Amino acid sequence: MRIGIIGAGQLGRMLALAGYPLGLRFVFLDKSADAPGAQVGSIITGEFDDPARLRELADASDLVTFDVENVPVEAVRTIADRVRFLPSVRALEAAQDRLTEKTLFEALAIPTPKFRAVDTLAGLREAALAIGYPGVLKTRRLGYDGKGQRQLGSEADLESAWTALGRVPLIFETCVPFECEVSIIGVRSVSGETASYPISKNYHESGILQRSVAPFVEPRLQSVAEQYLSRLFEHLDYAGVLTIEFFVCDGELIANEMAPRVHNSGHWTIEGAVTSQFENHIRAVLGLPLGVTDAIGHAGMLNFLGRLPPLKRVLAIPGAHYHGYGKEARPRRKLGHCTVTASSPAERDRRLDELLAIFGSQS
Ligand code: AMP
């Protein structure tokens, strides 16, 4: 059985690494021949919207999934008729556009920041008047890791933000004074079986995930987040892993965005949960029984942004699990991560501090 993956980034690589023990093979579509997936599978080189390359991927695969959500929906529709494609094109479409996504959250009674669509400078002024400051202006599509967004403190910021981001559809939303950010990762199989991981608490730096700790033990929030997940699962008739990122504000969850795929804030599940998000994604799309999602002790994950720390020093930390993606170093680029596991939150935090000190000392 061969799984096709659109995108051969680190997520695709980790999907393949989780799938090999199940006896699966992998083929990727990516514009870069030396993307991380190339280390663990064959690569078809091409753009995601190249119909010929997509057909090639479909013909080489028994099932196609993706590791990025910025896959052009129209192009993908053409292969969804040739080969099983999961999560569905509909789920992909819903998550690609921040306006559709937030409208769906509202329709399913999942709290989300107040928002307005913005298409002109005059529209931006109206949105800011209706929603107030501080606000965040974001591109509706193709934004990730804090790219394509601007914080707006007052009317004085409107024109420069419009110039920087304008001429594409935008969304203006209220800036949430959150206590912290968390995410839930859930999985639904094609058979309808569901499971979810303990919530993780996430720390971002300039819009990029810097580290996550799990489990974030808040039974009430866990149960609320699971209800939100199940509403999305049902509505989208979903199959695969689905992530929702939240702000915690006044003790309540406010959904920021969802991702119809495995997620950076779930890397800790590789060593910190009974079954990783990667293996469960594969099980779900193939209709296999889902694996147990319980945490094994306490885990902390640090992203290596822009550079990699020395392997030897990191591995000297007890419970450290190092992952290098084989990517060329560029400022702020995700080059690898490390998960530390421990039997108590205090020990986990000590190990994470040690890891942070090693990584920090390299700058
Ligand atoms: P996003 O690209 O929407 O995931 O945003 C990246 C990061 O920017 C989030 O993880 C938050 O730290 C911050 N952010 C985005 N939207 C908001 C908002 N409406 N209010 C406060 N912070 C935000």
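The structure displayed is predicted, hence computed values, not measured ones.

**Focus: the sheet that holds strand S2 (residues 25-30)**
Spatial ordering of the open sheet is given by S3-S2-S1-S4-S5, a layout of 5 strands whose pairing is parallel. Each edge of the open sheet is held by one strand with a lone partner, namely strand S3 (42-45) and strand S5 (84-85). Summarising the sheet, strand S1 (residues 2-6) and S2 pair through 5 bridges and their orientation is parallel. Of the residues in S2, the one forming a bridge with Ile3 is Phe26.

**Examining the pairing of strand S7 (residues 135-139)**
Counting buried positions over the 5 residues of S7 gives 5, a clear majority of the element. Across the two faces of S7 the burial is the same, with Gly135, Leu137 and Thr139 and Val136 and Lys138 all buried. Where S7 meets strand S8 (residues 149-152), 4 bridges bridge the pair, whose relative direction is antiparallel. Bridge pairing links Leu137 to Arg150 in S8. The sheet contact formed by S7 and strand S9 (residues 170-174) spans 5 bridges and is antiparallel. Bridge pairing in S9 places Leu137 opposite Phe172.

Calculation notes
Residues numbered from 1 in each chain as written. Predicted model: local features only at pLDDT ≥ 70, side-chain atom pairs only at ≥ 80, totals over all residues. Heavy atoms only, no water. Pairing = 2+ DSSP bridges. Helix = DSSP H or I, 4+ residues; strand = E, 2+ residues; numbered from the N terminus. Buried < 20%, exposed > 50% of the residue type's maximum accessible area, 1.4 Å probe, protein only.

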